[in-house]
Structure formats: C-alpha cells, structure tokens
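The chain contents come next:
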Amino acid sequence: MSQTEEIETLIAQLEHFANAPPEDIDDHTRRNLREASKNLSIAVEMHGDTVHRIGNSALQLYMARVGYDSNLWKVLAESESALSIAQIGEKICFDPTLLKRVLRYYQSLRMLEQPEDDVYVANNVTKALAGADGIAAEYFTTVLHAPFEAIPRYLKSHNYQNPTNPIDSPWQEGYQTKDHPFLWLQRHPDHFNLFMQWMRLNRSGLPSWLDTFPLAQIIGQNTNNDTVLFVDVGSGLGHQSVEVRERFPDLPGRVIIQDTPQVIGTVEPSHKIEPQVYDFFKPQPIHGARAYYLRMILHDWVDGPAIEILKNQISAMSEESVILIDEIVLPKKGASWRATQMDMTMLAAVAAMERSENQWYGLLNEAGLEIVKIWKYTEECDDCIIVAKPTNLV
Ligand SMILES: C[S@@+](CC[C@H](N)C(=O)[O-])C[C@H]1O[C@@H](n2cnc3c(N)ncnc32)[C@H](O)[C@@H]1O
C-alpha cells in the first residue's frame, strides 16, 4: 500500500469514529484516542493553520460565553431533535442574521452539528457547555480574564522572573489592585461565587480520590463517634467532606470543615459535618484527628507559606494522625495539559505553582514530614493523594 493509500484508509477510519464516536471503551483508551488524534492534527498543520488556530483560541472561549449567556447551548442540548434557525430564534432572543453567522462559526469548530442548511443539533461539545460545568465559560471570561491577559505584560516588566509574591503577580497587574487574590475575591462577591462554584466543578467527570485511596482502611480503624476522623483544611464549601460522608455513611467519627469566615459563613451544614472558621496560618485547633486533608491548598502558596501551613497542622498531630495532600504531582516528562494549564493558572492568579514529585519531597522534608505513599488517582490531571506523617512520629 502506498503512503497516500495508507493515509486515505486512516482518514476514512478517523471520519468513521468522528461521526460515530465509540461509546463502550474504557477511559484510558478513549483518552489515548483523543490525544493521538489531537497530536496528529497538530503534527500535520501548515504554519498558517497553527497561527490562525492559536491566534483565534481566545475567540472560541468568548464565543462559548455567547452561547452560555444567550441560553443557546441549553436550547440545543435539551431538544430531542435538530432545530431550524427559526425554531431556535423562537426560544432565544437573537437577531436571525447574527444567529446564522454565530451557528456557522460553532459548526466549523464542531461545537455543534449542522445536518442540513439552517438546521442544527447538539453534539458532545454543546452538551458539555450546556451542563453544570459549562459555567467554565463564565468563570474563565470573568474571574481569570484579567490575570491571563496580563501575563505577557507582567512577565516582560518583571524580566521573566518566576513570580513568587502573591501581591505582585499577573492578578494585581490585571485587576490593578494591591490586594491578595483571596482578599480581592472576598471583596467581589460575584467573582467569589463563581470561584466557589468552579472549585466544586473543575474535576467533574474525573475519578474521585476515594475511588483509589482506601480511606476507611487507612484512617477508619477503631473509631467511635468522638474520634475526629477527617479535618478538611481550607475546605471551600466542603464538597470532599460531603463525599467522604456519602461513601462511608457508617464510619463513626467527626468530620470538620475549616475555611475563612467569608466561606464558612456561606456553608449550609449537612451530613453531620461541622463547619469551623480557621486561619491555616495559625496552629491547628483540632488535636489528634485521624486525617488533616488539604486539597488544592498548597498549590496556592510558594514554599515559605506552604511550610508554615504544614507546620501548623503538624503541631496538632498525634501518632494516629496523617496528613493527606490532594494535589497534582507533575511527572518528570509528559505532564498532562490539564495539569500544566493549572500550573500557569497558579502563576497568574496567586504567584504559586503546581509541584513535581521531587518538589513535593523537598517541601515536605523541610516542613518535617515524611512521605509514606503517593496514590495517583487521575491520568487526566496527574492528581494524587500524598500521605505524610511527621518525621519524628514515623
Ligand atoms: C483553591 S481553594 C480549595 C478549596 C477546597 N479545598 C477544594 O478543593 O475545593 C483554596 C481555599 O483556601 C481557603 N483559604 C485561603 N486562605 C485561607 C486561610 N488563611 N485559612 C483558611 N482557608 C484559607 C480559600 O477560602 C479557599 O476555599
């Protein structure tokens, strides 16, 4: 077979799967298929393809926001059949000429399908943007627009030094503020609410840490109703603690969530979870808990404050306690794009970072902790649970 014939066979196979995406495949295979097709697509780009794809990448996000604000994604996703432009126009407020142009743009980027002239139907992308985590379009264009847009300006004016000061980062450049991002968010309730919602949704669809990590086996032995089982430090609204309760309804012990007054003030207590105001730059007030769990906390801070936060937990630990750090652990080679995007987000938002395995070992060692084991639970984001104990208690 000539190379051209080989490529034509491959094109036919790719088109077949694009038109009828395989449904009954495991997630690992699905992900490999997605990455291989994307890698091939980029590898065969001409220069013009590349510069137009990258040059217009922000346009796609802002156009996704148009579909979100106008309710277009929901209208299409909720319809059982394809809709004509006239039918869509009856459901959303949109000039028909503009609607035709916008729909044409969306189909060209496969954000929906166009079975015939002036007729459109939802596909997997439409459905994702119409679902709860479609709020991403609002979150990224609202909360992260200013710091992302400020990255090149900030880095150039700071001679391309790694940002480490959370009150001098692209966030401050973008928002023209001197406030720490968490303080700024507290003073801007709409942004703060979006941030809280996105924190809950940003890993939706991925495996949970509780699918891999044997929580009950590691912290749930011989507990009673007075045992402090799980302290969720910097919990946000406490979604992980709710999941712990739902997965282990019969496991006796207290579950406590801790965050700033602004966050704890908005928590609606449920699942016998105890909300508590706690500043993690002060010593941990709950002593001898089985687990102090920190999810996406240390990536918000460079090593100095991260060590302070950890030492504040160590001061409360007993021999039975462990620290559970739920964070990305970047591999030496081939980090996933979702993990590296998060690293750049930490750079822009809080002048902090995602860490590699070596960096985690170094950080925890300096804090006086020994890593007992690292449990990787997502391929997509390199998410892991790092189990650590104070060096003097190991
Ligand atoms: C990136 S969010 C992670 C939230 C939650 N752990 C999760 O994974 O969804 C960081 C959290 O740290 C909280 N936080 C920031 N500074 C804090 C402090 N000094 N003491 C306690 N919590 C703090 C924020 O309010 C926010 O809820």
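Residues numbered from 1 in each chain as written. Predicted model: local features only at pLDDT ≥ 70, side-chain atom pairs only at ≥ 80, totals over all residues. Heavy atoms only, no water.

Caption draft 1: Summary view of helix α7 (residues 96–108). Between its first and last C-alpha, α7 extends 18 Å over 13 residues, near the 18 Å set by a 1.5 Å rise per residue. Listed as buried for α7 are Leu99, Val102, Leu103, Tyr105 and Tyr106. Buried residues of α7, viewed axially, fall in a sector of 155°; they line one side. Away from the buried face of α7 by more than 90 degrees, exposed residues Thr97, Arg101 and Ser108 are located. (Helix = DSSP H or I, 4+ residues; strand = E, 2+ residues; numbered from the N terminus. Expected span 1.5 Å × (residues − 1). Buried < 20%, exposed > 50% of the residue type's maximum accessible area, 1.4 Å probe, protein only. Arc of directions from axis to C-beta.)

Caption draft 2: Molecular detail of the domain arrangement of the protein. Segmenting the protein into domains produces domain 1 (45–130), domain 2 (134–202) and domain 3 (209–390). Each of domain 1 and domain 3 has a C-alpha centre, and the two are 39 Å apart. (Domains from an automatic or database assignment.)

Caption draft 3: Layout of helix α10 (residues 145–157). Over its 13 residues, α10 extends 19 Å from the first C-alpha to the last, a length consistent with the 18 Å expected when each residue adds 1.5 Å. Residue Ile151 marks the point of greatest curvature in α10, where the axis turns by about 45°; the proline Pro152 follows within four residues. Taken together, the buried positions of α10 are occupied by Ala146, Pro147, Ala150, Ile151, Tyr154 and Leu155. Next to the buried residues of α10 lie α11 (170–175) and α19 (337–350). The positive-phi residue at the C-terminal boundary of α10 is Asn159, with phi of around 50°. (Bend = angle between axes of the 7 residues up to and from the residue. Contact = heavy atoms within 4.5 Å.)

Caption draft 4: Expanded view of the side chain of Thr345. Along the chain, the position of Thr345 falls in helix α19. By relative accessible area, Thr345 is classed as buried at 12%. Residues in contact with Thr345, not counting those within four places in the same chain, are Leu144, Phe148 and Val350.

Caption draft 5: Region of the structure containing the site of the ligand. Near the ligand, the surroundings consist of 17 residues, among which Gly234, Asp259, Asp279, Phe280 and Arg295 are the closest. The separation between a nitrogen atom of the ligand and a polar main-chain atom of Gly234 is 2.7 Å. Between the ligand and Asp279 there is a distance of 2.9 Å, counted from a nitrogen atom to a side-chain nitrogen or oxygen. Protein chains shield 93% of the accessible area of the ligand, which is 600 Å² for the free molecule. Each residue belonging to the shell around the ligand can be placed in one class, and the counts come to 9 nonpolar, 4 polar and 4 charged. Looking at which domains feed residues into the shell around the ligand, each of domain 2 (134–202) and domain 3 (209–390) supplies at least three. (Near = heavy atom within 4 Å. Polar contact = N/O pair within 3.5 Å; in protein donor to acceptor, adjacent residues only side chain to side chain. Areas by Shrake-Rupley, 256 points an atom, 1.4 Å probe, with all protein chains shown as cover. Nonpolar A, V, L, I, M, F, W, Y, C, P; charged D, E, K, R; others polar.)

Caption draft 6: Expanded view of the UniProt feature "domain: O-methyltransferase C-terminal" (unreviewed entry) in the protein. In the numbering used here, UniProt assigns the feature "domain: O-methyltransferase C-terminal" (unreviewed entry) to residues 229–369. Overall, residues 229–369 shows 35% helix and 23% strand. The separation of its end C-alpha atoms is 20 Å. (UniProt positions renumbered as here; feature names shortened; annotations may be inferred.)

Caption draft 7: Representation of the state of the cysteines. Enumeration over the complete set of coordinates arrives at 0 disulfides. Among the cysteines around Cys381, which has no disulfide bond, Cys384 carries the closest sulfur, lying 11 Å off. (Disulfide = S-S within 2.5 Å.)

Caption draft 8: Summary view of the packing of aromatic side chains. Inspection of the entire model under this criterion finds 19 aromatic pairs. Among the aromatic side chains, those forming a connected cluster through ring pairs are Phe182, Phe195, Phe280, Phe281 and Trp301. Residue placement shows Arg355 over the ring face of Trp360; its charged tip is 5.3 Å from the ring centre. Positioned above the aromatic ring of Trp375, the side-chain terminus of Lys373 is 4.0 Å from the ring centre. (Phe/Tyr/Trp six-rings, centres within 6.5 Å; stacked < 30°, edge-to-face > 60°. Lys NZ or Arg CZ within 6 Å of the ring centre and 35° of its normal.)

Caption draft 9: Focus on the packing of helix α4 (residues 57–69) against α7. Interhelical geometry of α4 versus α7 gives an angle of 125° and a closest axis separation of 11 Å. The pairing of α4 with α7 is recorded here as oblique in orientation. In this structure, α4 crosses over α7, and the sense of that crossing is left-handed. Of the residues in α7, those touching α4 at Leu59, Gln60, Met63, Val66 and Gly67 are Val102, Tyr105 and Tyr106. Here the residues of the contact of α4 with α7 sort into 6 nonpolar, 2 polar and no charged. (Axes fitted to C-alpha atoms, helices over the stretch in contact; angles between N-to-C directions. Parallel < 35°, antiparallel > 145°, perpendicular 65-115°, else oblique. Left-handed = near helix turned anticlockwise from the far one by under 90°.)

Caption draft 10: Main features of the sheet that holds strand β2 (residues 113–116). In spatial order, the strands read β1-β3-β2; together these 3 strands make up an open sheet with antiparallel pairing. Since the sheet does not close on itself, it has two edges, and those belong to β1 (83–84) and β2, each with one partner. Taken together, the 2 bridges between β2 and strand β3 (residues 119–121) define a ladder with antiparallel strand orientation. Note that in β3 the partner of Glu116 across the bridge is Val119. (Pairing = 2+ DSSP bridges.)

Caption draft 11: Main features of the pattern of salt bridges. Scanning the entire structure with this criterion turns up 22 salt bridges. Arg30 is paired through a salt bridge with Asp27; the nearest N and O atoms lie 2.9 Å apart. With Arg30 and Asp27 both in helix α2 (residues 27–43) and 3 residues apart, the pair spans about one turn of that helix. Asp27 gets classed as partly exposed once you look at its relative accessible area, which sits at 43%. (Salt bridge = Lys/Arg side-chain N within 4 Å of Asp/Glu carboxyl O.)

Caption draft 12: Expanded view of the nonpolar core. In this structure, Leu298, Leu310, Ile323, Ile325, Trp360, Leu364 and Leu369 are the most contacted members of the largest nonpolar core, which totals 32 residues. Of all the secondary structure elements, the ones that give two or more residues to this core are β4 (228–233), β7 (291–295), α18 (303–314), β8 (322–330), α20 (357–367), β10 (369–376) and β11 (383–390). When residues of this core are assigned to their parent elements, the largest contribution, 5 residues, is made by α18. Discounting chain neighbours no more than four positions away, the residues touching Leu310 are Leu298, Ile323, Ile325, Leu363, Leu364, Ala367 and Leu369. (Core = buried A, V, L, I, M, F, W, Y, C linked by side-chain atoms within 4.5 Å.)

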